[in-house]
Amino acid sequence: MSDPAAPKVHPPDVMKKLTALCKSRGFVFPSSEIYGGLKSAYDYGPLGSELKRNIMNEWWRDMVTRRENIVGIDAAIIMHPEVWRASGHAAGFADPLVDCKISKERFRADKAPRVRPGDELPITAPDAARAKDWQELIAKDYGVQLVRDGCVLRGLRCVSPQEFGYFAPGAAAPSRTWPFRGYVSPSCGSPFLTEEKQFNLMFRTTLGPVDQLGDLARVIAELTASGDLAAAVRARFGKACDSGPLAAALASGERARILHAVMEHVSQTSLVYLRPETAQAMFVQFKNVLECTGLKPPFGIAQMGKSFRNEVTVEHFIFRSCEFEQMEMEFFCEPGTQGEWLAYWKAERMRWWTRYANYPASFRFRQHGKDEMAFYADDCYDIEYFYPWGWGELEGIASRTDYDLTQHERHSGVALQYVDQEKADPRTGEKPWKYKPFVIEPAAGATRAVLCFLLDAYHEEERRTAAGDTELRTVLKLHPRLAPIKAAVLPLVKKDGMPERARAILERLLDAGINAKYDEKASIGKRYAKHDEAGTPWCITVDGQTLQDGTVTLRDRDTTAQRRLSVDDALAAVRSALGA
């Protein structure tokens, strides 16, 4: 077992094992699997949906319910498109993306692993069969025969920051070289990549029943029927051609660019986006929340919900997906106090994460460098988790100054400020003080939290069977408040009145608001093993002695120790451990 004082040492091939367990036990399924699945999309099964809901409920309880000065909202996923223009998402929410020519996967160039001259560039396939296919593809397309070692293809090496090459076995110099971008595919290590392209990561759709494609087709047909496309565009759109994208496209003289700009212009009337983050609604509703609650800084607005980013990636399971859930809070404070509040929220958020973890040392802070912070932020930290592939982001805690309120005030024309009647303006010395609050933003991913706590909980332990053999026990040591099923009630056999007594105990647990399950299938040992894999903290077993004296055995998931207790004491022990 890993040392709790150090980051967890994950078992070998843990991601492959965890992915299989998630499917077999009902945590996470590939989306639309009977139709071949959909990349970067996942469905949460009976246990996964409970786990995610428990995590989000614990976040809400800690961030909203137990705090007098933080309130929650639940805003629409589709917002006015001007929101995203004001926030900068519509213009700048684009990342350089690259396609791997071997695995066909797409990834963000700025997140790809960098390599140095002299480094080997092994290409790792998911299995030996895929490695053989990739070996043949590379031989056909690039004219080199890489050495196949199980799932790994070898023979490539970084020659310089701009070049990589093929080195035959034992050769000191490359026999073939290719231009190099300085990084490789994060999922397989391939350096055979496409050029970087800008992709807008917001999902676009239209609002209203009008057939926009029909409108676009008619407009394009009319314009292209003219002998002079540029003149036809100017005649149809008039002053709109004097500035903006249409003007730039016309100035370029490129036919494809002009038609693209026309389609963008025509679609603007019904264009909307699926939100790429939950944060902006809290800024947009700042004035309404302020007026209806009577709150004054420092106060916060919190929101949980789905966000969408149009990126396709299949690395690291649910670490990154196109549809995900966030848990964010915008904390509004007086200008000048943001430093102390940033420190406060750093401590609070780290306390929350480590409270539910077996290995608190698997979490750390990483301060953003000046070159990676948003231009408007004055400080920013990530809470990182030690994943099997290394440290990675779990939550961001940013000091965003008054940028967001300023942007939305400028674009909407509505004043977004707080008027403090009791304090004098530091600049004039006179009351009242009218100011835009500065903002501290703790922003966590609920779906990423699911992966984090599953990895933290996943354990493999060797143990002796009754026959004296050694077997590997797989157990999810989830915190009881996060566990999907809190207790399983098991009759030893399906006769002699044991099922009836077990169901009576189950009803008492359910009536107390404790998620419990009745299970009578398979041997008692197999049922224990099943609930260990499901992360169920306790099993209550009804046996022959129960019928005699009313006692049951209460089995602890983590230690496998069993205690003989009365039914009342067993239920009280479960309620007490849950804080219920």
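Summary of the structure given here. Keep in mind it's a predicted model, so treat the numbers as computed, not measured. (Residues numbered from 1 in each chain as written. Predicted model: local features only at pLDDT ≥ 70, side-chain atom pairs only at ≥ 80, totals over all residues. Heavy atoms only, no water.)

Observations regarding the nonpolar core
Selection criterion: Each nonpolar core is a collection of buried residues, namely Ala, Val, Leu, Ile, Met, Phe, Trp, Tyr and Cys, held together in the definition by side-chain atoms within 4.5 Å. Relative accessibility thresholds used throughout: buried, under 20% of the residue-type maximum; exposed, over 50%; partly exposed, between the two (1.4 Å probe, protein chains only). Under the DSSP-based scheme used, a helix requires at least four consecutive residues in state H or I and a strand at least two consecutive residues in state E, with every element numbered from the N terminus. Any two residues having at least one pair of non-hydrogen atoms within 4.5 Å are treated as being in contact.
By size, the foremost hydrophobic cluster in this structure holds 57 residues, and its most contacted members are Phe27, Ile55, Met327, Trp353, Phe363, Leu451 and Phe453. Tallying contributions element by element places helix α14 (residues 446-457) first for this core, with nine residues. Excluding its chain neighbours within four sequence positions, the residues that come into contact with phenylalanine 453 are Ile55, Trp352, Trp353, Tyr356, Ala357, Leu478 and Leu482. In terms of nonpolar packing, the next biggest core, distinct from the first, is built from 27 residues, Phe107, Ile123, Phe164 and Val184 among them.

Describing the packing of helix α6 (residues 212-225) against helix α7 (residues 229-237)
Which entries qualify depends on this criterion: Lines fitted to C-alpha atoms define the axes, with helix axes restricted to the stretch in contact, and inter-axis angles between N-to-C directions lie between 0 and 180 degrees. When an angle is under 35 degrees it counts as roughly parallel; over 145 it counts as roughly antiparallel; between 65 and 115 it counts as roughly perpendicular; any other value is oblique. Under the scheme applied here, ten amino acids are nonpolar (Ala, Val, Leu, Ile, Met, Phe, Trp, Tyr, Cys and Pro), four are charged (Asp, Glu, Lys and Arg), and all others, including Gly, are polar.
Direction vectors running N to C along α6 and α7 enclose 130 degrees, while the axes themselves pass 8 Å from each other. Classified by the interaxial angle, the pair formed by α6 and α7 is oblique. Here Val219, Glu222 and Leu223 of α6 come into contact with α7, specifically with Leu229, Ala232, Val233, Arg236 and Phe237. Of the residues in the contact of α6 with α7, the class split is six nonpolar, no polar and two charged.

Things to note about the pattern of salt bridges
Our working definition: By definition here, a salt bridge exists when the distance from a side-chain nitrogen of Lys or Arg to a carboxyl oxygen of Asp or Glu is within 4 Å.
By the definition in use, this model includes 43 salt bridges. For the salt bridge of arginine 366 with aspartate 382, the shortest nitrogen-to-oxygen distance reads 3.3 Å. Of the two residues, arginine 366 sits in strand β18 (residues 363-367) while aspartate 382 sits in strand β19 (residues 379-387), which places them 16 residues apart along the sequence. Using a relative accessible area of 4% as the deciding quantity, one classes aspartate 382 as buried. A single salt-bridge network, built from bridges that share partners, covers Asp62, Arg66, Arg67, Glu348 and Arg351.

Describing helix α1 (residues 14-25)
Each α-helix turn comprises 3.6 residues. Residues three or four places apart therefore point the same way. Note the following rule: To estimate the expected span of a helix, subtract one from its residue number and multiply by 1.5 Å. Taking the helix axis as origin, the arc is that swept by the directions to the C-beta atoms.
Look at α1: 16 Å from first C-alpha to last across twelve residues, which is about the 16 Å you get at 1.5 Å a residue. Residues of α1 that are buried: Val14, Met15, Leu18, Leu21 and Cys22. Relative to the axis of α1, the buried residues are bounded by an arc of 125 degrees and lie together on one face. Opposite its buried face, α1 presents the exposed residues Lys16 and Ser24, each directed more than 90 degrees away. One or two positions beyond α1, positive phi appears at glycine 26, with a value near 90 degrees.

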